[in-house]
Amino acid sequence: MEPIRIIHSRFVPISFENIDTDQIIPARFLKATTREGFGKNLFRDWRYENNDETTPKKDFILNKGEYKGRILVAGKNFGCGSSREHAAWAIKDAGFDVVVSSFFADIFKGNSLNNGLLPVQVSDEFLKKIFALGNESVLTVDLENQKIIINETGEFEIFDINSYKKNCLLNGYDDIDFLVSIKNEIEQFEKAAH
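Just so it is clear, the model here is predicted, and its values are computed rather than measured.

Visitor: So what's going on with unusual backbone geometry? Residues and values would help.
Guide: One can expect most non-glycine residues to show negative phi and most peptide bonds to be in trans. Residue N18 is not a glycine yet carries a positive backbone phi of 55 degrees. Mapped onto the secondary structure, N18 falls in the loop between β1 (6-14) and α1 (21-24). One non-glycine residue, Q146, lies in the positive phi region at around 50 degrees. Relative to the helices and strands, Q146 is located in the loop between β5 (138-142) and β6 (147-150).

Visitor: Please provide a residue-by-residue account of the nonpolar core, values included.
Guide: Among the nonpolar cores identified, the biggest contains 26 residues, and I24, F43, L72, F78, I91 and F108 are the most heavily contacted of them. V98, V100, L169 and L170 belong to the second-largest nonpolar core, a separate cluster that totals 24 residues.

Visitor: Got a sec to walk through the layout of surface pockets? Specific residues and values, please.
Guide: Taken as a whole, the largest pocket encloses approximately 160 Å³ of empty space. M1, E2, R35, E36, W89, K92, D93, N115 and G116 together form the lining of the largest pocket.

Visitor: Can you break down the pairing of β5 residue by residue, with the values?
Guide: The buried fraction of β5 amounts to four of the five residues, a majority that puts the element mostly inside the structure. With five bridges joining them, β1 and β5 adopt antiparallel strand pairing. Within β5, the position partnered with R10 by the bridge is V138. Here β5 runs beside β6; their pairing, made up of four bridges, is antiparallel.

Visitor: How would you explain a nonpolar patch on the surface if you had to name every residue and give the values?
Guide: A cluster of nonpolar residues, I176, L179, V180 and I186, forms a patch on the protein surface that exposes about 360 Å² of accessible area. Here the element with the most residues in the nonpolar patch is helix α7 (residues 175-181); it accounts for three residues. Here V180 is to be found in helix α7. The exposed category is assigned to V180, whose relative accessible area is 55%.

Visitor: Can you explain the packing of aromatic side chains? Please cite residues and give values.
Guide: A full pass over the atoms with the stated rule returns eight aromatic pairs. Summarising the aromatic geometry, the rings of F78 and F108 are spaced 5.2 Å apart at their centres and angled 85 degrees between planes, so their arrangement reads as edge-to-face. Of this pair, F78 sits in the loop between β2 (71-74) and α3 (86-93) while F108 is found in helix α4 (residues 106-114), placing the two residues 30 residues apart along the sequence. Neither F78 nor F108 differs from the other in exposure class; each is buried. An aromatic cluster is built from F16, F43, W46 and F60, whose rings are joined through pairwise contacts. For the cation-ring pair, K147 lies above F156, with the distance from its terminal atom to the ring centre recorded as 4.4 Å.

Visitor: Describe in detail the pattern of salt bridges, supporting the description with residues and values.
Guide: Under the defined criterion, the tally for this structure stands at seven salt bridges. R84 serves as the salt-bridge partner of D22, at 3.0 Å between the closest nitrogen and oxygen. Residue D22 is located in helix α1, and its partner R84 is located in the loop between β2 and α3; the two are separated by 62 residues in the primary sequence. The class for R84 is buried, based on a relative accessible area of 14%. One salt bridge connects D124 with K76, and the closest N-O pair in it is separated by 3.6 Å. On the criterion of sequence distance, the pair formed by D124 in helix α5 (residues 124-131) and K76 in the loop between β2 and α3 is long-range, its members being 48 residues apart. Classification of D124 by relative accessible area gives partly exposed; the value is 32%.

Visitor: Help me get a handle on α4, residues and values and all.
Guide: All of the buried residues along α4 are F108, N111, S112 and L113. Buried residues along α4 sit in contact with α1, α3, β4 (118-121) and α6 (163-171). Backbone geometry just after α4 places G116 at a positive phi near 75 degrees.

Each value, and the rule that gives it
Residues numbered from 1 in each chain as written. Predicted model: local features only at pLDDT ≥ 70, side-chain atom pairs only at ≥ 80, totals over all residues. Heavy atoms only, no water. Helix = DSSP H or I, 4+ residues; strand = E, 2+ residues; numbered from the N terminus. Core = buried A, V, L, I, M, F, W, Y, C linked by side-chain atoms within 4.5 Å. Buried < 20%, exposed > 50% of the residue type's maximum accessible area, 1.4 Å probe, protein only. 1 Å grid on protein atoms, 1.4 Å probe; cavity = no way out; pocket = protein on both sides within 12 Å on 5 of 7 lines; lining within 4 Å. Points joined across faces, edges and corners; volume = space filled by probe spheres on them. Pairing = 2+ DSSP bridges. Patch = residues over 30% accessible without salt bridge, like charges linked within 9 Å, V, L, I, M, F, W, Y side chains within 5 Å. Areas by Shrake-Rupley, 256 points an atom, 1.4 Å probe, with all protein chains shown as cover. Salt bridge = Lys/Arg side-chain N within 4 Å of Asp/Glu carboxyl O. Phe/Tyr/Trp six-rings, centres within 6.5 Å; stacked < 30°, edge-to-face > 60°. Lys NZ or Arg CZ within 6 Å of the ring centre and 35° of its normal. Contact = heavy atoms within 4.5 Å.

These values are about where atoms sit, not about what they do.
The following block contains the structure:
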């Protein structure tokens, strides 16, 4: 995984609430077991007409060229529904490193953190301020200081993150990479225990 430290980017706003994992990545696309290739089917049923990927819906935000960035901003209760890890894979594969919402489903949040996607939970009021911004606006997500900033106004909020997962994201580690990084400490502990 690539380390996440500071993401300074425009964002893609999807203001709907209660976006579930089947809307993020429909179940019919869960046949693969590797993480690659899911991004093209992110929000598939919202993006294309009649299940035909050659006819994009012009009014859906991901099909509008003026909205770009590495940050996805979504309404409250994002990632609810079934516990498919593929939802985090699809968002990450589509080029996003951060998802911002005022509430995340617990399993989605865990899956995101395990797959190099940073879920940033903000207050309802701060989320409304982000949604009110224009399409050229930029957000800064500073993982080290656990801060999200609206660049135009300087307003910010502090977000919570598990310290272990923060360390993993800052270093680009999955759980196995983390264990490898402390291999010497583990070996010393085992020697001391005998």
